[in-house]
Amino acid sequence: MDVLKKVPVREQDPKVRAHNFEEVCLGYNEEEAKLEAQRCLKCMNARCIGGCPVNIDIPGFIREIEKGNPEGAYKVLSKYSALPAVCGRVCPQESQCEERCIRGIKGEPVSIGKLERYAADWARENGIKPDNTAERNGKKAAVIGSGPAGLTCAGDLAKMGYDVTIFEALHEPGGVLVYGIPEFRLPKESVVKSEIENVKALGVKIETNVVIGKSVTIDELMEEEGFEAVFIGSGAGLPKFMGIPGENANGVFSANEYLTRNNLMKAFDSSYDTPIAAGHTVAVVGGGNVAMDAARTALRLGAKVYVVYRRSEEELPARVEEVHHAKEEGIIFRFLTNPTEILVDENGWVNGIRCEEMELLEPDASGRRRPVPKKDSEFELPVDTVIMSLGTSPNPLISSTTEGLDINKYNCIIADEETGRTTKEGVFAGGDAVIGAATVILAMGAGKKAAAAIDKYLTDRQEST
Amino acid sequence: MYKILKKEILAPNIYLMDIEAKRVAKSCYPGQFVIVKMDEKGERIPLTICDYDREKGSVTIVFQALGSSTKRMAGYEEGEEFMDFAGPLGNRSELIDEPSTELHEKKILFVAGGVGTAPVYPQVKWMKEQGHEVDCIIGARNKDLIILEEEMKKVAKNVYVATDDGSYGFKGNVNDCIKDLVKTQGKHYDCVIAIGPVIMMKFVCLLTKELKIPTIVSMNPIMVDGTGMCGACRLTVGGKVKFACVDGPEFDGHLVDFDESMKRQQMYKTVEGRAVLKEKEGETHKGGGCGCSDPTDR
C-alpha cells in the first residue's frame, strides 16, 4: 500500500450510473476503512479539527475505526454531529478538515469524509442510535426549518434537556437534504430519513406543513405557545433568475424547481404523480454544486446536458469531486460562456439559448477575475430546456412577519456570527438564512453555536429573575 | 394527518370538502390558498380557500377532479385523512386591510367563473360580515356547472347567474353579463374582482379596462412548494416578474400578462395526459421507440 495515497473508494461505473439514481459512491468496507484509518498520524495537535465547522474529534473517531470499533467511532462522531452519514457524503472536506491534514503535505490527505461515512453507515446498519440521558429541564425551544442548521440546533438543545419542536414548511423534514441534494449523492430513505429519526430519538418533535409567518408567527409561538427561545434555520429558498428575455418560457426552470420535482416529489419514479418535463437537450446555467446536481439529474432523466458557465474551469465553485463525476458521466461543459437570451418557439417553448463568449480580466480588488463579453462572439445552442442555477437568497416570509427582526439588503437575517443572536430578544438564527446559500456543514456549525447560545441565554435569564 | 369532515359533490367532477386543519383555520383569510397532498405519492395541489370555521378548526376546499392526484383525492370519503395540508399561503385579499369606511362606500362587483366561484365566496361572505353589500356574477358553461349559488345568495346583495348556453339565468358569458349590468342597466362599480379560468379573467380585464373599472384577479398557476422556493408560478405583472405564491395570488388584472400565463399553464398538459393514459393502459404507454410518449412531447 502506498501510504501517500488514499485507499481508493469504490464507485458505480459512470456508464451504468448515468442511467440510474442509485448512489454514485459506494463507500469503504471494513477492511478498506481500517487501512485508510492507519494512514492517520493521530497528531497531538490535530489541525484537521480546526478545519471542521463543528470541531469533530477527528483523530479520536479514526482511532476507533483503526481498532476495529466502528461503534465507538460513531459514538465519538455523534457527540459533535447529528448528521454524520450526511456530512461524510456532502461536506467539502477538501477545503476543510482534509485541507489541513499533515498527510496532505507530501501526499494525499487522509480520507476523513469517507471514514466518517463508514462509521455512520455501520452504526445505521447495526441499529446503533445516539442516546440522550440529559435530564429534561421543562423549557420549550422552537426551531424553524428542518434542514442541516435546524436539525443540528434541535439535536444539541435536546441533548441539553430542552423540549424542542421543529417547524417545517414542507411535508417532509430535511430541508435541502431532501429537496435539493439528489438521491445519487445522498440517499433519502436510508441515509437522510434515518438521521432525522436519530434526531427524533433525542426527543425532538417535528411538525411538518407549518409555514412560519403564515400558519403561525414567531411572536405567537413565543407569546401563545410558550416557546422561550426560537432558532431560525429557514435556509435560502428563493431562486434567482438572470432577467434575460425568454426566461418565462415553458422549459425554463429554476434549479430549485427541477430538483424539488425530482428529489422531494420523486418525479423520476413513475409511481409518483408529480410530473417533470425532463428535456431532450438541457442547458444548466451556473457552476456551483447545485448546477452539477441539476445537470446530473437531467442526464439521468435521459437528456444531453450542457453546463454553461461564464468563468473558466478554474473558477468553478462546485466541488472538484462533483465536477469530476459530472464529466465522467458525460456532461458537456461550456466555459467562458454567458447566456444573453432564451429563444422561444411560437407556442411559448424553449428552442435554444443564445450565448456570448467571455474572457477574464486581470484580478480586481476583490481578487476575482471579472468576465467580460468578447465582441461579436454570439452563438446559439439548440436546447429545449434551460435550468437556471444562479444561487438562492433567503425567503422574506419570516422576516416580514416578525417585528423587530432586522435583515440586510440581501434579505439575510442579521445575526451575531458567534452566537446567532438576532436583533429580536430570544430569537437566534443561522445557516443560509443568515449567510446566504452556503454548505451543509457551515449551517450545522451555525446551528451548533446557536444551541449553545440559546442555552446560555435561557440559563442567564432564569438566574436573573 | 388531516381529517375529511365533510364531502359534497357540487357538480359533475367538482367536489367540496371540509378538512380539519387547526393551524390553517386559525390563521387564514379570504384570498389565501392551501397546498394539499393526499398521500405519499400525490402531487402538491394548490387550492384557494373557499371557507373556514375558526371554532371547528376546519377549512373548506373545492376542487375539480382533472389530473391524477385530484382524481384520487375525489375518491376519499368523510372520515378519511389527507396526509398533508399546508397553509395558509399567499397574501390575503387587499379588501381585508382596507379601512371599513372606505370599503363601505365602494361598489364592488365580484365575477366568478366555474370552480372560481369557490375562492370568490369567502370574500363576499367577509364583506357581508363587515356589513358591506356587493354584487356577484356566477358564470359557467351550463346550469349543471353552477356551484355555490344558494350560499352566495345568502351573502351577496344581488347574484346574477350567467350560462353560455342559456340553460339557466342570463344567456351569455360573464362579460356579456357585465356589459348588461353596466351599459344596459346603468349600474356603477368602483372595482371588479374576477376569479376563474385564465381566459375568462383575461377577457374580463379587457372589458373593464375599456370601462375604466379597476380589476383584481386571482392567479392559480403551476406550483410546487407554494412558499417562493421553486419559481414555477412566475408570471409577468406590469413588466415585472412576480411569484404568484408569495407576491399574490391576487394581482392588478390590468397589468397581468395573461397570454404568457396561459402558455405556462400548458407546461404539463401533455404530461398530465400521460397520467390519464397510464391509468387506462398501465405501464405499456411508456413503450418509447416512436418517441410519442416522451414527457417533453408537445
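Residues numbered from 1 in each chain as written. Chains lettered and ligands numbered in written order. Predicted model: local features only at pLDDT ≥ 70, side-chain atom pairs only at ≥ 80, totals over all residues. Heavy atoms only, no water.

As annotated in an unreviewed UniProt entry, chain B carries the name Ferredoxin--NADP+ reductase and comes from Anaerocolumna xylanovorans DSM 12503.

An unreviewed UniProt entry annotates chain A as Sulfide dehydrogenase (Flavoprotein) subunit SudA of Anaerocolumna xylanovorans DSM 12503.

## Regarding the overall build of chain A
Scanning chain A for helices and strands turns up 17 helices and 18 strands. In terms of principal-axis extent, the alpha carbons of chain A reach across some 70 × 60 × 55 Å. Going through the 465 residues of chain A one by one, you find that 59% of them count as buried. If you take every contact in chain A between residues at least 6 apart in sequence, the share linking residues at least 24 apart comes to 69%. For chain A, the computed accessible surface area is about 18500 Å², with 49% contributed by carbon and sulfur atoms. Averaging the locations of the 55 positively and 71 negatively charged side chains of chain A gives two centres separated by 4 Å. (Helix = DSSP H or I, 4+ residues; strand = E, 2+ residues; numbered from the N terminus. Buried < 20%, exposed > 50% of the residue type's maximum accessible area, 1.4 Å probe, protein only. Contact = heavy atoms within 4.5 Å. Areas by Shrake-Rupley, 256 points an atom, 1.4 Å probe, with all protein chains shown as cover. Lys, Arg positive; Asp, Glu negative; His and termini not counted. Charge placed at Lys NZ, Arg CZ, Asp CG, Glu CD.)

## Some details on the domain arrangement of chain A
Residue and element names in this part refer to chain A. Taken as a whole, chain A is organised into domain 1 (10-126), domain 2 (140-237 + 394-464) and domain 3 (238-391). Using only C-alpha atoms to locate each centre, domain 1 and domain 2 end up separated by 26 Å. Inspection of the region where domain 1 meets domain 2 yields zero salt bridges. Among the elements of the structure, α5 (70-80), α6 (84-90) and α8 (112-125) are those that each provide at least two residues to the side of domain 1 that touches domain 2. (Domains from an automatic or database assignment. Salt bridge = Lys/Arg side-chain N within 4 Å of Asp/Glu carboxyl O.)

## Quick word on the sheet that holds strand β13 (residues 191-195) of chain B
Residues and elements named next belong to chain B. Read across the open sheet, the seven strands follow the order β12-β11-β10-β9-β13-β14-β17; overall the sheet is mixed. Either end of the sheet is taken by a strand with one partner, and the two such strands are β12 (170-171) and β17 (250-252). Taken together, the two bridges between strand β11 (residues 158-163) and β12 define a ladder with parallel strand orientation. Note on β12: the bridge partner recorded for Thr-163 is Lys-171. (Pairing = 2+ DSSP bridges.)

## Considering the sheet that holds strand β5 (residues 205-207) of chain A
Residues and elements named next belong to chain A. Pairing is parallel in the open sheet, where five strands are placed in the order β5-β4-β3-β6-β18. Unpaired on one side and paired on the other, β5 and β18 (427-429) mark the two borders of the sheet. Across the sheet, the mean angle from the axis of one strand to that of its neighbour is 20 degrees, orientation sign disregarded. As paired strands, strand β3 (residues 140-144) and strand β4 (residues 163-167) are joined by five bridges and run parallel to one another. Across the sheet, residue Lys-140 finds its bridge partner in β4, namely Asp-163. Running at roughly 165 degrees to β4, helix α9 (residues 148-159) makes contact with β3, β4 and β6 (229-232) of the sheet. (Axes fitted to C-alpha atoms, helices over the stretch in contact; angles between N-to-C directions.)

## Re the packing of aromatic side chains
By convention here, two paired aromatic rings are described through the distance between centres and the angle between planes. According to the stated counting rule, one finds 10 aromatic pairs over all chains in the structure shown. Ring centres of Phe-21 of chain A and Phe-268 of chain A lie 4.4 Å apart, and the angle between their planes is 25 degrees; on these two criteria the pair is classed as stacked. With a gap of 247 residues between them, Phe-21 of chain A in the loop between α1 (14-17) and β2 (25-27) and Phe-268 of chain A in the loop between α13 (255-263) and β9 (281-285) connect regions that are remote in the sequence. Classification of Phe-268 of chain A by relative accessible area gives partly exposed; the value is 31%. A ring pair is formed by Phe-241 of chain A and Phe-243 of chain B, whose centres lie 6.4 Å apart and whose planes are at 90 degrees; its orientation type is edge-to-face. Residue Phe-241 of chain A is located in the loop between β7 (238-239) and β8 (252-254), and its partner Phe-243 of chain B is located in strand β16 (residues 240-243); the two belong to separate chains. Phe-243 of chain B gets classed as buried once you look at its relative accessible area, which sits at 11%. Taken together, the aromatic side chains of Phe-21, Phe-184 and Phe-268 of chain A make up a single cluster linked through ring pairs. One residue, Arg-300 of chain A, lies across the ring of Phe-184 of chain A, its end atom 3.8 Å from the ring centre. When the ring centre of Tyr-29 of chain B is taken as origin, the NZ or CZ atom of Arg-92 of chain B, which lies over that ring, is 4.3 Å away. (Phe/Tyr/Trp six-rings, centres within 6.5 Å; stacked < 30°, edge-to-face > 60°. Lys NZ or Arg CZ within 6 Å of the ring centre and 35° of its normal.)

## So, the confidence of the model for chain B
All names here are of chain B. Of the residues in chain B, 90% have a pLDDT of 70 or more, and the chain-wide mean is 88. Low confidence marks residues 280-298, where pLDDT is under 50. Its contacts with residues over four positions away, or in another chain, come to 29 contacts. Here the predicted complex carries an ipTM of 0.89, next to a pTM of 0.90. (pLDDT = per-residue confidence, 0-100.)

## Concerning the interface of chain A and chain B
It is common to give the size of an interface as the accessible area lost on bringing the parts into contact. Opposite the 51 residues of chain A that make contact, chain B presents 53 residues. Contact with chain B buries area across many residues of chain A, yet Lys-214, Asn-248 and Asp-273 of chain A alone supply 18% of it, more than any other trio. Linking chain A with chain B are four salt bridges, by the criterion used here. At the boundary of chain A with chain B, the tally comes to 27 residue pairs in polar contact (both at pLDDT 80 or more). Those elements that place two or more of their residues in the side of chain A that touches chain B are β7, β8 and α13 of chain A. Classifying every residue of the side of chain A that touches chain B gives 22 nonpolar, 19 polar and 10 charged. (Buried area = accessible area lost by both parts, 1.4 Å probe. Polar contact = N/O pair within 3.5 Å; in protein donor to acceptor, adjacent residues only side chain to side chain. Nonpolar A, V, L, I, M, F, W, Y, C, P; charged D, E, K, R; others polar.)

## Focus: the domain arrangement of chain B
All names here are of chain B. You can read the domains of chain B as domain 1 (2-89) and domain 2 (94-218). One C-alpha centre belongs to domain 1, the other to domain 2, and the line joining them spans 24 Å. Carbon and sulfur atoms make up 72% of the surface buried where domain 1 meets domain 2, a total of about 1200 Å² over both sides. Contact with domain 2 buries area across many residues of domain 1, yet Pro-30, Cys-50 and Asp-51 alone supply 35% of it, more than any other trio. In this assembly, domain 1 and domain 2 are joined by one salt bridge. When the shortest N-O distance is used, the salt bridge between Asp-51 and Lys-125 registers 2.9 Å.

## Some words on the packing of α9 of chain A against helix α17 (residues 440-464) of chain A
Residues and elements named next belong to chain A. Across the interface, α9 lies against α17 with an axial gap of 7 Å and an inter-helix angle of 35 degrees. By crossing handedness, the relation of α9 to α17 is classed as right-handed. Contacts between α9 and α17 involve Pro-148, Ala-149, Thr-152, Cys-153, Asp-156 and Leu-157 from the first element and Val-440, Ala-443, Met-444, Gly-447, Lys-448, Ala-450, Ala-451 and Ile-454 from the second. When grouped by side-chain class, the residues that make up the contact of α9 with α17 number 10 nonpolar, two polar and two charged. (Left-handed = near helix turned anticlockwise from the far one by under 90°.)

## Comments concerning the UniProt feature "domain: Dihydroprymidine dehydrogenase" (unreviewed entry) in chain A
Under the present numbering, the feature "domain: Dihydroprymidine dehydrogenase" (unreviewed entry) in UniProt falls on residues 17-127 of chain A. For residues 17-127 of chain A, the end-to-end C-alpha separation is 29 Å, with 54% helix and 3% strand making up the annotated structure. (UniProt positions renumbered as here; feature names shortened; annotations may be inferred.)

## A few points about the nonpolar core
Core analysis: the biggest nonpolar cluster contains 74 residues, and Ile-58, Phe-61, Ile-62, Ile-65 and Leu-177 of chain A have the highest contact counts within it. At 10 residues, α17 of chain A tops the list of elements feeding residues into this core. Formed jointly, this core draws a minimum of three residues from each of two domains, domain 1 (10-126) and domain 2 (140-237 + 394-464) of chain A. Excluding its chain neighbours within four sequence positions, the residues that come into contact with Phe-61 of chain A are Ile-56, Ala-73, Val-76, Leu-77, Ile-112, Leu-115 and Glu-116 of chain A. Ranked by size, the runner-up nonpolar core spans 60 residues in total, among them Ala-74, Ile-96, Ile-108 and Ile-138 of chain B. (Core = buried A, V, L, I, M, F, W, Y, C linked by side-chain atoms within 4.5 Å.)

## Structural notes on the UniProt feature "binding site: [2Fe-2S] cluster" (unreviewed entry) in chain B
Residues and elements named next belong to chain B. Using the residue numbers shown here, the UniProt feature "binding site: [2Fe-2S] cluster" (unreviewed entry) corresponds to Cys-230, Cys-233 and Cys-245. A stretch of 16 residues holds the annotated residues, and the largest C-alpha distance among them is 9.9 Å, short enough that they meet in one place. Following the sequence through the fold, Cys-233 ends up in the loop between β14 (215-218) and β15 (234-237). Excluding residues within four positions of it along the chain, Cys-233 makes contact with Pro-221, Ile-222, Met-223, Lys-242, Phe-243, Ala-244 and Cys-245. Looking at the secondary structure, you find Cys-245 in helix α9 (residues 244-247).

## A look at unusual backbone geometry
For the bond from Gly-87 of chain B to Pro-88 of chain B, the omega torsion is -5 degrees, close enough to zero to count as cis. Assignment of secondary structure puts Pro-88 of chain B in strand β8 (residues 84-89). Residues Gly-248 of chain B and Pro-249 of chain B are joined by a peptide bond in cis, for which omega reads 10 degrees. Within the secondary structure layout, Pro-249 of chain B lies in the loop between α9 and β17. The backbone phi angle of Asn-55 of chain A is positive, close to 50 degrees, even though this residue is not glycine. Within the secondary structure, Asn-55 of chain A is located in the loop between α3 (47-51) and α4 (58-66). Look at Lys-266 of chain A: it is not a glycine, yet its phi comes out positive at around 55 degrees. On the secondary structure map, Lys-266 of chain A appears in the loop between α13 and β9. The buried category is assigned to Lys-266 of chain A, whose relative accessible area is 18%.

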